[in-house]
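Now for the letters of each chain:
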Amino acid sequence: MEMDRRGALALLGAGVAAARLEAAQQHLHALAAQPEQYKLQFFSPAEHDLIDAVAELIIPADAHSPGAHEARVASYVDLVVSHSPA
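Predicted, not measured: the structure shown is a model, and the values here were computed from it.

(A) Expanded view of helix H3 (residues 45-58). Given a rise of 1.5 Å per residue, 14 residues ought to cover 20 Å, and the 20 Å separating the end C-alpha atoms of H3 matches this to within 8%. Looking at H3, one finds that the buried residues are His48, Asp52 and Ala55. Buried residues in H3, looked at end-on, bunch into an arc of 70 degrees, giving them a common side. Of the exposed residues in H3, those oriented more than 90 degrees away from the buried face are Ala46, Asp49, Leu50 and Leu57. Looking at the buried positions of H3, the neighbouring elements they touch are helix H4 (68-71) and helix H5 (73-82).

(B) Region of interest: a nonpolar patch on the surface. Among the surface-exposed residues, Leu50, Val54, Leu57, Ile58 and Ile59 lie close enough to one another that they form a single nonpolar patch of about 540 Å² accessible area. Among the structural elements, Leu50 can be located in helix H3. When its relative accessible area of 56% is taken as the criterion, Leu50 is described as exposed.

(C) Quick peek at the environment of Ser44. Residue placement: Ser44 occurs in the loop between helix H2 (21-33) and H3. We classify Ser44 as partly exposed; its relative accessible area is 30%. Separated by 34 residues in the primary sequence, Ser44 and Asp78 have C-alpha atoms spaced 9.6 Å apart.

(D) How the structure looks around the packing of aromatic side chains. Inspection of every chain in the model, using the stated rule, returns 1 aromatic pair. When the centroid spacing of 5.0 Å and the interplanar angle of 85 degrees are considered together, the rings of Phe42 and Phe43 count as edge-to-face. Residue classification places Phe43 among the buried residues on the basis of a relative accessible area of 18%.

Criteria and cut-off values
Residues numbered from 1 in each chain as written. Predicted model: local features only at pLDDT ≥ 70, side-chain atom pairs only at ≥ 80, totals over all residues. Heavy atoms only, no water. Helix = DSSP H or I, 4+ residues; strand = E, 2+ residues; numbered from the N terminus. Expected span 1.5 Å × (residues − 1). Buried < 20%, exposed > 50% of the residue type's maximum accessible area, 1.4 Å probe, protein only. Arc of directions from axis to C-beta. Contact = heavy atoms within 4.5 Å. Patch = residues over 30% accessible without salt bridge, like charges linked within 9 Å, V, L, I, M, F, W, Y side chains within 5 Å. Areas by Shrake-Rupley, 256 points an atom, 1.4 Å probe, with all protein chains shown as cover. Salt bridge = Lys/Arg side-chain N within 4 Å of Asp/Glu carboxyl O. Phe/Tyr/Trp six-rings, centres within 6.5 Å; stacked < 30°, edge-to-face > 60°.

See below:
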C-alpha cells in the first residue's frame, strides 16, 4: 500500500509510534472504507461506548454538521491508542 503523507502526518501527530505507522495507516484506510466493520483493537466495547458518549458531549451534532458519534471518533481513538507507544 502506498504511504499517504497527509494520513501519516495525522497519525504521527496523534501519537502513533513511527515504527507502527504503516500498520496504523492500513487500519485507518480500512476504517475509512468500511467503518461499520472496524474491530476494536485496544478498548473493550464498554470503554468504546464511554469514549463515544464523551466525544459526542465535546463535539455534538448540530444543524451544520454531524457530531463525534457519526464521525466515529471513538474508533479513531481506539486505532491511535492501539498503535501508540506504551
